[in-house]
Amino acid sequence: MSYQLPDPLEERKHSIIRKTGKQQEEKIQCNQNSVAGAVSQRACVYCGARVVLNPITDAYHIVHGPIGCASYTFDIRGSLTSGADTFRNSFSTDLRETDIIFGGEKKLAAAIDEIVAAHHPKLIFIYSTCVVGVIGDDLEAVCRNAEKQYGIRVIPIQSSGFAGNKNAGYKAACHALLNLMGEENPVEKEAGINFLGDFNLAGEIWINQSYFRRMGLPVVSKVTGDARYEELIKAPRARLNIVQCAGSMTYLAKLMREKYKIPFINVSFYGLEDTAKSLRKIAYALDEPEILQKTEVLIQEEYDKAHLALEPYRARLAGKKAAIYVGGGFKAISLIKQFRDLGMETVMVGTQTGNSDDYETIRQLAAEDTIILDDTNPSELERFMKEKGADILVGGVKERPLAYKLGVAFCDHNHERKQPLNGFVGAVNFAREVEQSINSPVWHWIRKERRAYNEK
Amino acid sequence: MKNKKRNFVNLNINPCKNCMPLGSSTAFKGIEATMVLLHGSQGCSTYIRRHMATHYNEPIDIASSSLNEKDTVHGGSTNLKKGLKNTLCLYGPKLIGISTTCLAETIGEDLQRIVTEFKEEEPRFQDVVFVPVSTPGYGGSNYEGYYLTLRNILEVLTEDAPPRISVNIIAGNLTSADIRKIKEMVSLFNIDYTILPDISKTLDAPFEADYKKLSPEGTPLQRIKTMSGAKATIEMGMLVPEHISPGKYLEDQFQVPLYRCPLPIGIENTDTFLKLLEEISGNPIPESLKEERGRMLDGMIDSHKYNAEGRAAIYGEPDIVYAAAKLCLENGIKPVLMATGTRASKLEELLAPDLGLANDECLILDDTDLETVQSYIKKLGINILIGTSDGRLITEKENVPLVRIGFPIHDRVGAQRKLLCGYQGSLQFLDELTNTLIEEKHSTYRETLYHELYR
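Being a predicted model, the structure only gives us computed values, none of them experimental.

Help me out: how do you make sense of helix 1 (residues 20-28) of chain B in this one?
All names here are of chain B. Counting buried residues along helix 1, nine of its nine residues qualify, which places the element largely inside the surrounding structure. Buried within helix 1 are the following residues: Met20, Pro21, Leu22, Gly23, Ser24, Ser25, Thr26, Ala27 and Phe28. Each element contacted by the buried residues of helix 1 is listed here: strand 2 (34-39), helix 2 (42-56), strand 3 (62-64), strand 4 (95-100), strand 5 (129-133) and helix 7 (142-157).

Below is the structure:
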């Protein structure tokens, strides 16, 4: 290859490890602020908060700041709703130069007035952005006043972009949710569960709900996929919290355990193995013979069916190499298993916000010589995908065109996806998408192009 | 109809604009071997990368100084310098654009000073050109960010140069295909030219077996240096404020005469552009373009009756709204609503002569949002939307078809290849509008007439 790929930056060298067989391996450096100039794929605190709260369908999400933050989050997520679709709109105070000088509190209060007058909302979220954090608008006071005046919930979210990384945004969202759920701790719990950390992308939470129904298990509250105000405030009554997106929601689960005495368990519904395991884990946690029995029936019915449906894909995918770069650790972990189930090898795996526990699990699961990276960038993705000869990358929207430029197939495992990838049925969808991309006839032409280039 | 503004001082619902750093990044992406770094928190660069990546279907690498809490209190120069060093090492660009964000501006970062210090501290980067641009998100929209950045590039790079027979083209924020078309048209006049910026290959790169993350394409730096010697500048953009106009800078600083023209979309706007080229080059309009023009006229006749039923809402950046409105008016499609999220009070004055009799029926809104646009759909009997993919919510709710133009287009492929410019592009665009109207008609007229007439 004529073009020399640069080495990773010195400051990033400890965020990249190569799995060896040794027991005592170097620990990966993670959960740090991104290195300036490295071209991180991560977003900011605001993004973390917004992405977690966005799916609450009947909430009015007001972004307090100049226009950009609202423009870039206007209806870009694939969360579906069974009720209101208020959340798809983008509300902004659209701050201007004078507001920066004189402060934006009055404007924000007026914006709330306007929304209340026009829509009679039950719930408004106010997101602070970078400038608001600097000019020091008192969000708490504005929200308190509005709550008093209108008797509705107006919840501030301290999500100034610079105040930490995306993880800090997750925490800010968790605090907002806890604030919404309220101070009261119902002593009498209901039979049902809360499902934390599914965002109903392409209707994924509806798949899970159908499983829970078959298990005879009521869902008290979904956090936050297809959630609504009335449902969320009931969350403290649940018996058990199940947490899928651990990176964003473990924090809330811990807060809820402390405040409402609700225990939690971690689950993942990506891939057959993890779906079956998670369903059983829930059933065991609740420890009711009837639920246990129904769960086994469900798994028996669905697992074998899906396993069989995957057969033709296994035949067409065996031996292919996968690269993974996703947001959270739990997803990366499930994906490694999913690829293994399809007879594929994961050669590179990374996350934006995984923690050391996630990376330890990843390290154990990964095959020898797998590249593991935290908060990576396009240069490293290019370098390691080329080195390892990846056939497909699973990732987010920004990574997609890079994969394509490198002539590598792609699977959209992001917030914009239009088909569900979870549960038994989603595992089959996943295999289909991977197969459709990897075995597309276009690569024939790309390989031909490459051969011609290499012969030159 | 008078320019009636909704009183939305406090609340913008569904923005019809993006922020200044995005416009700035777009401009930098059209310069040879250039990398962009946004001085602010990590999110700005990531959001803008995402927004551009889904529109252009290209990898969009933009660095960030990743400011954090500490930097916000003590100043961000350490992080900015570190960011510059890392980006320069990773990408090896010839030019680096440094655009500020809301955060950097609000904490009062002195970009000029930091860059000067950095150059002294890191002499190994002495050949790199640094272009700092002040683009706070609250200072305007992507429209202003785009032109201001081009102006700053000239301010840094352009030097005195001997006069030569050459023309400068300041391109509006168009598609890569549009830029290719414009270059093709200019070439036909046999005149040397510099087009700034040139996204024809940088944001629509052919597949190559050896992908280069820093595109060597774009306007060559050497050409930008000598734009001062050109015979004239043609600046596309009728609503560009003078203080951010790149063409105005060349005129004031180097006495290069400035000709302003609209985006060459529609027959009259394309005529205007070609006449300018004829005048500046001294060469007549080439036969091949005359043929394209004839074909456009022929096409305009073919579809005029269908177009007569069109009542359009056009929204987006000021200049594309203006150009699309002209094309509609030339063809009997009534642009009953013309809206931009940018401040462009001159838009109404500019359109007045073209609106003529339709003036009373057409509404022009600047500094507005898409909820306002939506609120007029039923009221004004709009049957076609022309604008960015951000109007898809209106399409869903109001059941009006949307013809996608401008930035961003997120829910279709090929935005970067979409051609609107020149006679050929204009006719393609017109055909798309007409066919959209025909499709609406054909899918409804049987039922409509049955209900209306059958007794």
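Quick question: what am I supposed to make of the sheet that holds strand 14 (residues 402-404) of chain B here?
Residues and elements named next belong to chain B. Pairing is parallel in the open sheet, where five strands are placed in the order 12-11-10-13-14. Bordering the open sheet on either side are strand 12 (363-365) and strand 14, each of which pairs with just one other strand. Across the sheet, the mean angle separating the axes of adjacent strands is 20° when strand polarity is ignored. Here three bridges tie strand 13 (residues 384-387) to strand 14, and the two strands are oriented parallel to one another.

Teacher, can you tell me more about a nonpolar patch on the surface here?
Residue and element names in this part refer to chain B. Taken together, the side chains of Tyr445, Leu449 and Leu453 present a nonpolar region at the surface, about 280 Å² in accessible area. Among the structural elements, Leu453 can be located in helix 17 (residues 422-453). Residue classification places Leu453 among the exposed positions, given a relative accessible area of 59%.

I'm lost on the domain arrangement of chain A in this one. Help?
Where interface size is quoted, it is often the accessible area lost as the parts come together. Residue and element names in this part refer to chain A. Structurally, chain A comprises domain 1 (10-30 + 318-418), domain 2 (45-181) and domain 3 (193-300). Its C-alpha centre places domain 1 at a distance of 33 Å from the equivalent point of domain 2. Taken together, the contact pairs five residues of domain 1 with seven residues of domain 2. Together, Thr353, His415 and Glu416 form the three largest contributors to the area buried by domain 1 at its contact with domain 2, with a combined 80%.

Quick question: what am I supposed to make of the interface of chain B and chain A here?
Each side of the interface is counted separately: chain B has 70 residues, and chain A has 73 residues. Contact between chain B and chain A buries roughly 6100 Å² in total, counting both sides, with carbon and sulfur atoms accounting for 60%. Considering only the surface of chain B that becomes buried against chain A, Tyr47, Tyr138 and Phe207 of chain B emerge as the three largest contributors, covering 13% of it. Between chain B and chain A we count eight salt bridges in total. Among the ionic pairs, Lys405 of chain A bridges to Glu58 of chain B, the shortest N-O distance being 3.0 Å. Remark: the boundary between chain B and chain A carries 25 residue pairs in polar contact (both at pLDDT 80 or more). Mapped by element, the contributors of at least two residues to the side of chain B that touches chain A are strand 1 (12-13), helix 2, strand 3, helix 3 (69-74), helix 4 (77-91), helix 5 (102-106), helix 15 (370-376) and helix 16 (392-398) of chain B.

Help me understand the packing of helix 11 (residues 272-286) of chain A against helix 17 (residues 423-438) of chain A in this model?
Packed helices, taken two at a time, are described by the angle their axes make and the gap between the axes. All names here are of chain A. Two elements in contact, helix 11 and helix 17, have axes separated by 9 Å at closest approach and are oriented at 170°. Between helix 11 and helix 17, the angle falls in the class roughly antiparallel. Touching Leu272, Thr275, Ala276 and Leu279 of helix 11 are Gly423, Phe424 and Ala427, all from helix 17. The class makeup of the residues in the contact of helix 11 with helix 17 is five nonpolar, two polar and no charged.

Help me understand the pairing of strand 13 of chain B, please; the structure alone is not making it clear to me.
Look at any regular strand and the pattern is simple: side chains alternate between the two faces of the sheet. Residue and element names in this part refer to chain B. Of the two faces of strand 13, the one carrying Ile384 and Ile386 and the one carrying Leu385 and Gly387 are both buried. Pairing geometry for strand 10 (residues 311-315) and strand 13, over three bridges, is parallel. Note on strand 13: the bridge partner recorded for Ile314 is Ile386. Between the parallel pair strand 13 and strand 14, the chain is carried across by helix 16, and the sense of this crossover is right-handed.

Would you explain the domain arrangement of chain B in this entry?
All names here are of chain B. Split into domains, chain B comes out as domain 1 (20-143), domain 2 (166-281) and domain 3 (292-447). For domain 2 versus domain 3, the separation of C-alpha centres amounts to 25 Å. At the junction of the two partners, domain 2 supplies 27 residues and domain 3 supplies 30 residues. Between domain 2 and domain 3 the total buried area reaches about 2300 Å² when both faces are included, carbon and sulfur atoms providing 61% of it. At the boundary of domain 2 with domain 3, the tally comes to three salt bridges. Of the charged contacts, one joins Glu292 and Lys181 as a salt bridge, the two residues approaching to 3.1 Å between their closest N and O atoms. Across the contact surface, domain 2 and domain 3 share 16 residue pairs in polar contact (both at pLDDT 80 or more). Counting only elements with at least two residues in the side of domain 2 that touches domain 3, the list comes to helix 8 (176-187) and helix 11 (267-281). For the side of domain 2 that touches domain 3, a count of residues per class yields 14 nonpolar, seven polar and six charged.

What exactly am I supposed to notice about the pairing of strand 4 of chain B here?
Residue and element names in this part refer to chain B. The element strand 4 is largely enclosed, with a buried count of six among its six residues. Residue alternation in strand 4 divides its side chains into two sets, Leu95, Gly97 and Ser99 and Ile96, Ile98 and Thr100, and both sets are buried. One ladder, built from six bridges, connects strand 2 with strand 4; its direction is parallel. Paired with His39 across the bridge in strand 4 is Thr100. Relative to strand 5, strand 4 runs parallel, the two sharing five bridges. Among the inter-strand pairings, Ile98 is bridged to a residue of strand 5, identified as Pro132.

Help me out: how do you make sense of the pattern of salt bridges in this one?
Proximity of charged atoms lets side chains of opposite charge pair with each other. Residue and element names in this part refer to chain A. Using the criterion set out here, one finds 72 salt bridges over all chains in the structure. We note a salt bridge from Glu380 to Arg12, for which the minimum N-O separation is 2.8 Å. Placement of the pair is Glu380 in helix 15 (residues 378-388) and Arg12 in the segment before strand 1 (16-18), with a sequence separation of 368 residues. Residue classification places Glu380 among the buried residues on the basis of a relative accessible area of 2%.

Explain the environment of Tyr306 of chain B here, please?
Residues and elements named next belong to chain B. Following the sequence through the fold, Tyr306 ends up in helix 12 (residues 287-307). Looking at Tyr306, the relative accessible area reads 43%, which means it is partly exposed. Taking the C-alpha atoms as reference points, Tyr306 and Cys89, 217 residues apart in sequence, are found 57 Å from one another.

I keep staring at the nonpolar core and nothing clicks. Help me out?
Inside soluble globular proteins, nonpolar side chains tend to come together where they are buried. Counting residues in each nonpolar core, the largest one holds 209 residues, and the members touching the most others are Ile282 of chain A together with Phe273 of chain B. Tallying contributions element by element places helix 7 (residues 166-181) of chain A first for this core, with nine residues. Non-local contacts of Phe273 of chain B, meaning those with residues more than four positions away in its chain, are made with Ile169, Ile182, Met185, Val186, Ile234, Met236, Cys261 and Pro264 of chain B. Counting 24 residues, the second-largest nonpolar core is a separate cluster that includes Phe91, Ile100 and Ile112 of chain A together with Leu11 of chain B.

Parameters and conventions
Residues numbered from 1 in each chain as written. Chains lettered and ligands numbered in written order. Predicted model: local features only at pLDDT ≥ 70, side-chain atom pairs only at ≥ 80, totals over all residues. Heavy atoms only, no water. Buried < 20%, exposed > 50% of the residue type's maximum accessible area, 1.4 Å probe, protein only. Helix = DSSP H or I, 4+ residues; strand = E, 2+ residues; numbered from the N terminus. Contact = heavy atoms within 4.5 Å. Pairing = 2+ DSSP bridges. Axes fitted to C-alpha atoms, helices over the stretch in contact; angles between N-to-C directions. Patch = residues over 30% accessible without salt bridge, like charges linked within 9 Å, V, L, I, M, F, W, Y side chains within 5 Å. Areas by Shrake-Rupley, 256 points an atom, 1.4 Å probe, with all protein chains shown as cover. Salt bridge = Lys/Arg side-chain N within 4 Å of Asp/Glu carboxyl O. Domains from an automatic or database assignment. Buried area = accessible area lost by both parts, 1.4 Å probe. Polar contact = N/O pair within 3.5 Å; in protein donor to acceptor, adjacent residues only side chain to side chain. Parallel < 35°, antiparallel > 145°, perpendicular 65-115°, else oblique. Nonpolar A, V, L, I, M, F, W, Y, C, P; charged D, E, K, R; others polar. Right-handed = clockwise from strand over helix to strand, strands pointing away. Core = buried A, V, L, I, M, F, W, Y, C linked by side-chain atoms within 4.5 Å.

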